Amino acid sequence: MRSFILGALLATLLGCGGPMTQEGEPDLASQEAPLPDCSNEPNANLHRYYSDATYTELIGEFGCYCGGLYVWGGRSVYSQYIQEC
């Protein structure tokens, strides 16, 4: 009797029923793209973002630059695209 009560208590705490299933297909359009692998990238593919049209205050970078990955800061409409190391 005691093991039955302990089993019932354990089932109540852990939950009963079958495995959980996903209720729909995942929305792949809302997922972010994976980070690029820059280890074999001989050239640059870098976007630099600036705070305003004077291009004096760098606020972020995204992309590959001479084999290294640069992902930091924010983005803006004021950007420069760099293709060479």
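Here we summarise the structure given alongside this text. Just so you know, these numbers come straight off a predicted model, no measurement behind them.

Details of the sheet that holds strand β3 (residues 68-73)
Turning to step 1, where the next piece is worked out: The strand order across the open sheet formed by four strands is β3-β2-β1-β4, and the pairing between neighbours is antiparallel. For this open sheet the edge positions go to β3 and β4 (78-82), each flanked by a neighbour on one side alone. Ignoring which end each strand starts from, the neighbouring axes of this sheet average 15° apart.
Turning to step 2, where the next piece is worked out: In terms of strand pairing, strand β1 (residues 45-50) meets β4 through five bridges, oriented antiparallel. By the bridge assignment for β4, H47 is matched with Y81.

Regarding the pairing of strand β2 (residues 58-65)
Turning to step 1, where the next piece is worked out: Inspection of the sheet shows β1 paired to β2 by six bridges, in the antiparallel sense. The residue bridging H47 from the neighbouring strand is F62, located in β2.
Turning to step 2, where the next piece is worked out: In the sheet, β2 pairs with β3 via six bridges, with the strands oriented antiparallel. Among the inter-strand pairings, Y65 is bridged to a residue of β3, identified as G68.
Turning to step 3, where the next piece is worked out: Connecting β2 to the antiparallel partner β3 that follows it, the hairpin turn spans two residues, and C66 within it adopts a positive phi of roughly 55°.

Side note on the side chain of E61
Turning to step 1, where the next piece is worked out: Positionally, E61 belongs in strand β2.
Turning to step 2, where the next piece is worked out: In terms of polar contacts, E61 uses its side chain to reach the side chain of R48, at 2.6 Å.
Turning to step 3, where the next piece is worked out: A polar contact is formed between the side chain of E61 and the side chain of W72, at a distance of 2.8 Å.
Turning to step 4, where the next piece is worked out: Ignoring anything within four residues of it in the chain, the contact list for E61 reads L46, H47, R48, Y70, V71 and W72.

Quick word on the packing of aromatic side chains
Turning to step 1, where the next piece is worked out: For the structure shown, the criterion picks out three aromatic pairs.
Turning to step 2, where the next piece is worked out: Pairing Y55 with Y78 gives two aromatic rings, centres 6.2 Å apart and planes at 90°, and the pair type is edge-to-face. With Y55 in the loop between β1 and β2 and Y78 in strand β4, the pair connects residues that are 23 residues apart, well separated along the chain.
Turning to step 3, where the next piece is worked out: Judged by its relative accessible area of 34%, Y55 falls in the partly exposed class.
Turning to step 4, where the next piece is worked out: Note on Y78: relative accessible area 30%, which makes it partly exposed.
Turning to step 5, where the next piece is worked out: Over the ring of Y65 we find R48, and its NZ or CZ is 5.7 Å from the ring centre.
Turning to step 6, where the next piece is worked out: Here the guanidinium or amino end of R75 rests over the ring plane of F62, the centre of that ring lying 4.6 Å away.

Procedures and definitions
- Residues numbered from 1 in each chain as written.
- Predicted model: local features only at pLDDT ≥ 70, side-chain atom pairs only at ≥ 80, totals over all residues.
- Heavy atoms only, no water.
- Pairing = 2+ DSSP bridges.
- Helix = DSSP H or I, 4+ residues; strand = E, 2+ residues; numbered from the N terminus.
- Axes fitted to C-alpha atoms, helices over the stretch in contact; angles between N-to-C directions.
- Polar contact = N/O pair within 3.5 Å; in protein donor to acceptor, adjacent residues only side chain to side chain.
- Contact = heavy atoms within 4.5 Å.
- Phe/Tyr/Trp six-rings, centres within 6.5 Å; stacked < 30°, edge-to-face > 60°.
- Buried < 20%, exposed > 50% of the residue type's maximum accessible area, 1.4 Å probe, protein only.
- Lys NZ or Arg CZ within 6 Å of the ring centre and 35° of its normal.

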